[in-house]
Amino acid sequence: MKRGIVVLSMFVALALVGKILAHEGHEHKVMGTVAAIDDKRIEVTTKDEHKTTVSVNIETRYFRGKSETTAGDVKLRERVVIEAIEKGGKMVAREVRLPDNK
């Protein structure tokens, strides 16, 4: 009886580990070159030539160096670092960081 309870407890614990590790809200960093941009998304080509699409919204903040800027400042083929949160199976940008133009 005790052995069955231990086995059942281990099974439940292992089943919950997957849920805990796969939770939404996990932060990602996407680094690369802007391949496409519109008012809803930025597509980035990473250094290994993988394309990643990150959604943007009104809460997305944009920075050039340390100064805040706007979405209109993001240009094609420009280097970018995006901090994104996973929501509903897609990545949504919290911050888009562009290089300083000094």
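The notes below deal with the structure included here. (Residues numbered from 1 in each chain as written. Predicted model: local features only at pLDDT ≥ 70, side-chain atom pairs only at ≥ 80, totals over all residues. Heavy atoms only, no water.)

**Remarks on the overall build of the chain**
Assigned secondary structure in the chain consists of one helix and seven strands. Helices (α) and strands (β) of the chain occur, in sequence order from the N terminus, as α-β-β-β-β-β-β-β. For the chain, buried positions account for 29% of its 102 residues. Contacts in the chain between residues far apart in sequence, at least 24 positions, make up 53% of those at least 6 positions apart. Roughly 7,600 Å² of accessible area belongs to the chain as shown, and the carbon and sulfur atoms make up 59% of that amount. (Helix = DSSP H or I, 4+ residues; strand = E, 2+ residues; numbered from the N terminus. Buried < 20%, exposed > 50% of the residue type's maximum accessible area, 1.4 Å probe, protein only. Contact = heavy atoms within 4.5 Å. Areas by Shrake-Rupley, 256 points an atom, 1.4 Å probe, with all protein chains shown as cover.)

**What to know about the nonpolar core**
Within the largest apolar cluster, 15 residues are counted, with the highest numbers of intra-cluster contacts made by Ile 42, Val 54, Val 80, Ile 82 and Val 96. For this core, the secondary-structure elements that each account for two or more residues are strand 1 (27–37), strand 2 (41–45), strand 6 (79–87) and strand 7 (90–98). Per-element tally for this core: the top contributor is strand 7, with four residues. When sequence neighbours within four positions are dropped, the list of residues in contact with Val 96 reads Ile 42, Thr 60, Arg 61, Tyr 62, Phe 63, Val 74, Val 80, Val 81 and Ile 82. (Core = buried A, V, L, I, M, F, W, Y, C linked by side-chain atoms within 4.5 Å.)

**Overview of unusual backbone geometry**
Non-glycine residue Glu 49 carries a positive phi angle of around 70 degrees. The exposure class assigned to Glu 49 is exposed, which follows from its relative accessible area of 61%. Phi at Arg 77 is positive, roughly 65 degrees, even though this residue is not glycine. For Arg 77, the location among the structural elements is in the loop between strand 5 (67–69) and strand 6. With a relative accessible area of 69%, Arg 77 lands in the exposed category.

**Looking at the environment of Pro 99**
By the element assignment, Pro 99 lies in the segment after strand 7. Along the sequence, Pro 99 and Arg 79 sit 20 residues apart, while their C-alpha atoms lie 6.9 Å from each other. Excluding residues within four positions of it along the chain, Pro 99 makes contact with Arg 64, Gly 65, Glu 78 and Arg 79.

**Details of the packing of aromatic side chains**
This model, assessed by the stated rule, comprises zero aromatic pairs. Its end group placed over the ring of Phe 63, Arg 97 keeps NZ or CZ at 4.3 Å from the ring centre. (Phe/Tyr/Trp six-rings, centres within 6.5 Å; stacked < 30°, edge-to-face > 60°. Lys NZ or Arg CZ within 6 Å of the ring centre and 35° of its normal.)

**Concerning the pairing of strand 4 (residues 61–64)**
Relative to strand 7, strand 4 runs parallel, the two sharing four bridges. Its bridge partner lying in strand 7, Tyr 62 is registered against Val 96. Bridge count between strand 4 and strand 5: three bridges; the pairing is antiparallel. Residue pairing in the sheet places Tyr 62 in a bridge with Thr 69 of strand 5. (Pairing = 2+ DSSP bridges.)

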